[in-house]
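# Tertiary structure, described
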Amino acid sequence: MYGMVNKAVEEMVISQFDDETWEKIKAKAAIDVEIFISNETYPDEITYKLVVSAAEILKLTPDQVLEAFGIHWVCHTAPEGYGELFTAGGKTLSDFLVNLPSFHSRIKLIFPKLDPPIFIITEPADNSLSLHYYSPRPGLTSFVIGLLKGLGIYYKTQLDIVLVNSSEAGSDHDEFLLTW
Ligand code: HEM
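Below or above, wherever it landed, is the structure these notes cover. Keep in mind the model is a prediction, meaning the values are calculated, not measured.

Attention now goes to the coordination of the iron atom of the ligand. Donor atoms from the protein around the iron atom of the ligand number only one, His104 (NE2), found at 2.1 Å. Its location among the elements puts His104 in helix α6 (residues 93-110).

This part is about the pattern of salt bridges. If you walk through the whole model with that rule in mind, you get five salt bridges. A salt bridge links Glu45 to Lys49, with the shortest nitrogen-to-oxygen separation between them at 3.6 Å. Here Glu45 pairs with Lys49, and both are found in helix α3 (residues 44-58), just four residues apart, close to one helical turn. Lys149 is paired through a salt bridge with Glu67; the nearest N and O atoms lie 2.6 Å apart. Here the residue Lys149 occupies a position in helix α7 (residues 141-154), and Glu67 occupies one in helix α4 (residues 62-81), the gap between them amounting to 82 residues. Each member of the salt-bridge network shares a partner with another, and the members are Asp44, Asp115 and Arg137.

It is worth spelling out α6 at this point. Taking 1.5 Å per residue, 18 residues should reach 26 Å; α6 reaches 24 Å between its end C-alpha atoms and fits that length. The largest bend in α6 amounts to roughly 70° and is located at Leu100, with the proline Pro101 lying one to four residues further along. All buried positions along α6 are accounted for by Leu93, Phe96, Leu97, Leu100, Phe103 and Ile107. Those residues of α6 that are buried lie in contact with α5 (83-87), β1 (118-122), β2 (128-134), α7 and β4 (174-179).

Moving on to the packing of α4 against α7. Taken N-terminus to C-terminus, the directions of α4 and α7 make an angle of 40°; their axes are 7 Å apart at the nearest point. Classed by the angle they form, the pair α4 and α7 counts as oblique. As α4 runs across α7, the sense of the crossing is right-handed. Where α4 approaches α7, its residues Asp63, Leu66, Glu67, Phe69, Gly70, Ile71, Trp73, Val74, Cys75 and Pro79 are matched on the opposing element by Ser142, Phe143, Ile145, Gly146, Leu147, Lys149, Gly150, Leu151, Ile153 and Tyr154. Residues that form the contact of α4 with α7 fall into these classes: 13 nonpolar, four polar and three charged.

Once that is clear, we can look at the sheet that holds β2. Spatial ordering of the open sheet is given by β1-β2-β4-β3, a layout of four strands whose pairing is antiparallel. Strands with a single pairing partner mark the edges of an open sheet, and in this sheet they are β1 and β3 (160-165). Between one strand and the next, the sheet's axes are offset by a mean angle of 25°, whatever the strand orientation. In this structure, β2 lies alongside β4, joined through six bridges in antiparallel fashion. Considered in β4, the bridge of Leu131 is made with Phe176. α6 rests against β1, β2 and β4 of the sheet, and its axis sits at about 150° to β1.

Rules of the game
Residues numbered from 1 in each chain as written. Predicted model: local features only at pLDDT ≥ 70, side-chain atom pairs only at ≥ 80, totals over all residues. Heavy atoms only, no water. Donors = N, O, S within 2.8 Å, 3.2 Å for Na, K, Ca; no water. Helix = DSSP H or I, 4+ residues; strand = E, 2+ residues; numbered from the N terminus. Salt bridge = Lys/Arg side-chain N within 4 Å of Asp/Glu carboxyl O. Expected span 1.5 Å × (residues − 1). Bend = angle between axes of the 7 residues up to and from the residue. Buried < 20%, exposed > 50% of the residue type's maximum accessible area, 1.4 Å probe, protein only. Contact = heavy atoms within 4.5 Å. Axes fitted to C-alpha atoms, helices over the stretch in contact; angles between N-to-C directions. Parallel < 35°, antiparallel > 145°, perpendicular 65-115°, else oblique. Left-handed = near helix turned anticlockwise from the far one by under 90°. Nonpolar A, V, L, I, M, F, W, Y, C, P; charged D, E, K, R; others polar. Pairing = 2+ DSSP bridges.

Structure follows, in structure tokens:
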């Protein structure tokens, strides 16, 4: 994944805890990258190791770290670091969700090595839709839940998220029923 992801994990830890905690997390993960470069790519393994190590140091589960990271990404990293790309996603929560399937294709124009998730929408209605999330990367359901919660916070709109089918339970993808 692009370094911007690992960098955002670092920013989240430093803003919610401190530099020392981040150094402990990196050391426990045995990662000797001094500085992550946003537009360089790194093996996914580094990101997974950081999440597991953060969970151990912060006494949380990896899912709790991923969810907090999703919220941080949408409420801080995206608007503060990638403002124009982010706001192009839509003026309201419902616009953003409807546009989500094509969202990363715009990002790929600027970051060509992007290997984004696939989002598909079914049953779109005025205040609800089904969001289908496909990825070759395992275990990121809680990250998606955090991202969706972050969108609800960012757009100041009450969003209900129900995981109706999950890859963990044997489906080939996750399906969320979203109501706002
Ligand atoms: C300006 C805002 C955003 C930027 C710049 C961005 C960029 C990225 C980047 C660089 C990755 C790592 C993949 C790679 O490097 O190959 C990624 C992954 C991902 N993004 Fe975004 N993203 C943004 C917003 C969002 C939003 C709002 C959502 C969903 C609601 C989202 C969902 C995901 C997911 C689930 C992944 C994990 C990869 C996977 O599942 O395979 N992103 N994004």
